[in-house]
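Descriptive structure summary
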Amino acid sequence: MDWRELKYNETFEQEARGLERRRALTACAIEEIESLLESLYKLDGDNWIGRGEVQDIIMAATIAAYERFLAEWRAEERGA
């Protein structure tokens with residue numbers, strides 16, 4: 001595993017744990033997390049000055065963690 005994969009996995013797991021804690025410890029609604037994900041999509045698309053490879057990896061892992069978290073939450077609500 002190279003440093004890129006390590007950074008991606010580290011960031012993904014960190015974000016996933018943070019989202020789980022947020023849901024468990026606060027009265028956050030799914031709409032709040034959806035809104036944050038929309039903001040992340042916008043930030044990702046606004047990369048007109050170039051973030052660099054490390055920041056691109058961090059952004060991709062963060063978005064993926066939010067997407068997975070929301071998919072799991074929605075499945076839970078549907079009773080799947």
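Computed from a predicted structure; not experimentally measured.

**Quick notes on the environment of Glu32**
Its location among the elements puts Glu32 in helix α2 (residues 30-45). Sequence spacing of Glu32 and Thr11 is 21 residues, and the spatial spacing of their C-alpha atoms is 21 Å. Sequence-distant contacts of Glu32, that is, excluding residues within four places in its chain, are made with Arg22 and Ala27.

**Digging into the packing of aromatic side chains**
All told, the structure shown has 2 aromatic pairs when counted by the stated rule. Consider the rings of Tyr8 and Phe12, whose centres lie 6.4 Å apart with planes at 15°: the pair is stacked. Highlighted residues: Tyr8 and Phe12, both in helix α1 (residues 3-25), separated by 4 residues, approximately one helical turn. By relative accessible area, which is 29% here, Tyr8 ends up partly exposed. Considering the side-chain rings of Phe69 and Trp73, the 5.6 Å spacing of their centres and the 70° angle between planes classify their relative orientation as edge-to-face. Taken as a pair, Phe69 and Trp73 lie in helix α3 (residues 53-78) at a separation of 4 residues, close to a single helical turn. Here Phe69 falls in the buried class, since its relative accessible area comes to 4%.

Conventions used here
Counting starts from 1 at the beginning of each chain's written sequence and moves along it residue by residue. This being a predicted model, a pLDDT of at least 70 is required before a residue's local features are given, and a value of 80 or more before pairs of side-chain atoms are given or counted; all residues contribute to the totals for chains, interfaces and linings. Only hydrogens and water are removed before side-chain values are computed, so all heavy atoms of the structure are retained for them. A run of H or I in DSSP becomes a helix once it reaches four residues, and a run of E becomes a strand once it reaches two; helices and strands are each numbered from the N terminus. What makes two residues a contact is simply this: any of their non-hydrogen atoms within 4.5 Å. Stacked, tilted and edge-to-face pairs are distinguished by plane angle, under 30 degrees for stacked and over 60 for edge-to-face with tilted covering the rest, among Phe, Tyr and Trp rings (Trp via its six-membered ring) whose centres lie within 6.5 Å. The buried label applies to any residue whose accessible area, calculated with a 1.4 Å probe on protein chains only, is under 20% of its type's maximum; exposed applies above 50%, and partly exposed to all values in between.

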